[in-house]
Amino acid sequence: MNPQDAAQTALSTPLLLSVCAVAIAVLLLLIIRIKLHPFFALVVVSIGTALATGIEMTSLMGTLVGGFGKTLGNVALLIGFGAVLGRIVSISGGAYVLSNTLIRICGRERAPLGLSIAALLFCFPIFLDAAYVVMLPIIYAVARELKGSVLLFGLPVAGAGLVMHALMPPHPGPVAAAVFLNADIGQVLFVGLLVGLPTWYIMGYRLSVFLARRTAFQPVPDMMGNTDGDDAPPPAFSTILLVLILPLVLIFMNTGLATLVSSGTLPEGNSLINALMLIGQTPMALLISTCIAMWLLILRRRPEEGMDAINDIVEHALAPVCSIILITGAGGMFGAVLTASGIGSALAGSLEELGMSLIVAGYVIASVIRIAQGSATVAGTTAAGIMAPAVLASPELAGLPAACITTAIVAGAIGYSHVNDSGFWLVGRFLGASTRTMLTTWSVMSVGISLMAFSLAWLLFTFVT
């Protein structure tokens, strides 16, 4: 008898659900009250949950390591390549080029829109906190020149970054959730764009400008963000656009070709088609784009430094994401325990009895965890792990429905930001805003982004199912 069968035989559904509730409560207690690092908290809770649900000790390590390794095998490459690509664009002056070009196109009166579009493009490969720090000098300079409140320019940038960080691979939340739910990354990217672009414009840009104008004038703080740039001439706008758009094009090419092959429109086994699909797989697409960025933005502009400059960039880019990669892997471990213990199946059955659809349940669970402990990565990873057994047990949810559920989960994980979220304090400190101001601007914007992204994902889910 395997561990899952043993657990389900020994424990009733109410008891399994009780164990799940206690496990989540203990996880939040360890992270919030005891201040234990989420990586260790997830590992400890995974072990405790496995033992409590009757998984045999002889198979315990196999279950834990299996879930950890399977998750990292899919996630680590994406996060690593994305981090390096983002840092290359960052130190090359790409943010300045994007912002200045788009402000020139949009005009001075629509400078917040130009900055927000620049952040939308710039934040595709780079995490919100790093991207925001890089763009700070631009935000300050524009606010001083136009004599406007720094909130009017800083919040639209934060809104764009929040949307991209929430919904778009290669950011860890959507990547991890997609892996847990067996969702195709290309389809998650497609759904993320369909959902994310209107969400950004209405909630990330329009709402942020509305909130900034209703808030008391906020002068530019007396500080400067560290651009961490180099002294070489800045790259061309077209070059920056190329390295940011290229991975999207390659990933969409893979998804499109796979769809045409599965429908019989294109022949199966064709060498050229297989080669194109290979380079369009997400890890390959990001690797190719990163290598091109290394050549165009570093080696060609700073030939005297050669590979020393590249190696320094890689070292500095990978160090900050190690913690995120480990947390994601530990979330996969927790998800594997929930599957092996039978908790996932019990939860799915209970949700079905309550009449709550899986996409709604995923959003609610992610939102509750986000509100309680603050980390979007932990919230999305934990919620996806909890929902994975139920989603995978429903073959009709494969494909676009799974991508929609993935988007709904990460929408819940990114919303409802308040004082236990590091992003809340980072943005507030650099804008010189008080806690009350952040609660009435940033927090409101994050709720709006979360609710609209979920609503659009739910609408698309209803249409494709």
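Everything below is about the structure printed above this text.
Conventions adopted
- Residues numbered from 1 in each chain as written.
- Predicted model: local features only at pLDDT ≥ 70, side-chain atom pairs only at ≥ 80, totals over all residues.
- Heavy atoms only, no water.
- Axes fitted to C-alpha atoms, helices over the stretch in contact; angles between N-to-C directions.
- Helix = DSSP H or I, 4+ residues; strand = E, 2+ residues; numbered from the N terminus.
- Parallel < 35°, antiparallel > 145°, perpendicular 65-115°, else oblique.
- Left-handed = near helix turned anticlockwise from the far one by under 90°.
- Contact = heavy atoms within 4.5 Å.
- Nonpolar A, V, L, I, M, F, W, Y, C, P; charged D, E, K, R; others polar.
- Salt bridge = Lys/Arg side-chain N within 4 Å of Asp/Glu carboxyl O.
- Buried < 20%, exposed > 50% of the residue type's maximum accessible area, 1.4 Å probe, protein only.
- Expected span 1.5 Å × (residues − 1).
- Arc of directions from axis to C-beta.
- Core = buried A, V, L, I, M, F, W, Y, C linked by side-chain atoms within 4.5 Å.

Student: Summarise the packing of helix α6 (residues 111-122) against helix α8 (residues 150-167); cite the residues concerned and give the values.
Tutor: In contact at an axis separation of 8 Å, α6 and α8 are set at 25° when each is read in the N-to-C sense. With respect to each other, α6 and α8 are oriented roughly parallel. Relative to α8, α6 is oriented so that their crossing is right-handed. Every residue of α8 that contacts α6 at Ala111, Pro112, Leu115, Ser116, Ala119 and Leu120 is listed here: Leu152, Phe153, Pro156, Val157, Ala160 and Met164. Taken together, the residues of the contact of α6 with α8 sort by class into 11 nonpolar, one polar and no charged.

Student: Lay out the pattern of salt bridges in plain terms, naming residues and giving numbers.
Tutor: According to the stated counting rule, one finds one salt bridge in the structure shown. With a shortest N-O distance of 3.1 Å, Arg370 and Asp421 are connected by a salt bridge. With a gap of 51 residues between them, Arg370 in helix α16 (residues 358-373) and Asp421 in the loop between α18 (400-414) and α19 (422-431) connect regions that are remote in the sequence. This pair shows no difference in class: Arg370 is buried, exactly as Asp421 is.

Student: Would you mind going over helix α3 (residues 38-52) in detail, with residue names and values included?
Tutor: The periodicity of an α-helix, 3.6 residues per turn, causes residues three or four positions apart to be oriented the same way. With 15 residues, α3 ought to run about 21 Å at 1.5 Å a step, and its terminal C-alpha atoms sit 20 Å apart, in line with that. Within the sequence span of α3, burial applies to Pro38, Phe39, Ala41, Leu42, Val45, Ser46, Thr49 and Ala50. Looking down the long axis of α3, one finds its buried residues gathered within 160° of arc, a one-sided arrangement. Two residues or fewer past α3, Gly54 is found with a positive phi of approximately 90°.

Student: Requested: an account of the environment of Ser46, with residues and values cited.
Tutor: For Ser46, the position within the fold is in helix α3. According to the relative accessible area criterion, Ser46 is buried, its value standing at 0%. Measuring from C-alpha to C-alpha, the distance between Ser46 and Ser208 comes to 39 Å, with 162 residues separating the pair along the chain. Ignoring any residue separated from it by four or fewer positions in sequence, one finds Ser46 in contact with Leu64, Ala330, Met333, Phe334 and Val337.

Student: So what about the nonpolar core? Which residues, and what values?
Tutor: If you look at the biggest cluster of nonpolar residues, it comprises 160 residues, and the most contacted ones within it are Ile405 and Trp442. Per-element accounting of this core gives the leading share, 14 residues, to helix α14 (residues 306-341). Non-local contacts of Trp442, meaning those with residues more than four positions away in its chain, are made with Leu128, Ala158, Leu162, Ser417, Asp421, Gly423, Phe424, Val427 and Thr437.

So, to be careful, I would describe these as geometric facts and stop short of saying anything about function.
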